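Observations on chain architecture
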Amino acid sequence: MIKVFPALLTLLLPSALAAQNDCLLIKKKNKVVQRLWMGNEFVFQTAGQHWHKGKITRLTKDSVYIRPVTVQYHMMGTDTVSWPVEGYHYNDIAALPKKGFLISLINNSFQINRSAGHVHWFWIKSGVLFRAGAAAYTGVMLINNMSDKDPDKKVITKGLLTGASVYLFGFILKKMYSPVHKTGKNYRLVYINYAPPGSGTQ
């Protein structure tokens, strides 16, 4: 039994070291902005704007494998729940979250958690406040003026134009704003294996 253990360790050690050499680089043009190793958390978006989040369990030249892990909060404390491993080709990864966004499991799917952390003034940059404000202003204006026996049509028209202008501005902001970095032109994923000298591994 004593001789078996060193032999088993000899067989497992090279594979463990090889796994630790696998690395996934996130590059912005030619600059490395992040390095991801085994066990690191990886968050990304696939086609259809579906979010995925989990710990990296394996890296290959063309694919990444993650195990989604979620924390459930309840009265007695917290529970960590692990899900089956999922594999994705690098070409399936369409976007990466911008810095400051927290992706959480909400209603059984991973989504941007709007109430957690600093999200770079999301409510303003995405135009949500302007669209909501325009709708509220228009509603109140119509109620106040239509309740009069002789409503002033010029005031109503001016109010509708004001509300529509503010809403349009918020809509334009929504179209221009994105909480993600799309992969392809500027951002890309690069697999690297930092093999020891003379190992023969590429």
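See the structure printed just above.
Please read these numbers as outputs of a predicted model, since none were measured by experiment. (Residues numbered from 1 in each chain as written. Predicted model: local features only at pLDDT ≥ 70, side-chain atom pairs only at ≥ 80, totals over all residues. Heavy atoms only, no water.)

Remarks on the sheet that holds strand 12 (residues 180-182)
In spatial order, the strands read 8-5-4-3-9-12; together these 6 strands make up an open sheet with antiparallel pairing. Looking at strand neighbours, the two that pair on one side only are strand 8 (86-89) and strand 12, the edges of this open sheet. The average angle at which neighbouring strand axes cross in this sheet is 50°, direction not considered. Relative to strand 8, strand 5 (residues 63-67) is paired through 4 bridges, and the arrangement is antiparallel. Each bridged residue has a counterpart across the sheet, and for V64 the counterpart in strand 8 is Y88. (Pairing = 2+ DSSP bridges. Helix = DSSP H or I, 4+ residues; strand = E, 2+ residues; numbered from the N terminus. Axes fitted to C-alpha atoms, helices over the stretch in contact; angles between N-to-C directions.)

Some points on the environment of L142
The topology assignment puts L142 in helix 3 (residues 128-146). The spatial distance from the C-alpha of L142 to the C-alpha of G159 is 8.2 Å, given a sequence separation of 17 residues. Setting aside its immediate chain neighbours within four residues, L142 contacts I156 and L160. (Contact = heavy atoms within 4.5 Å.)

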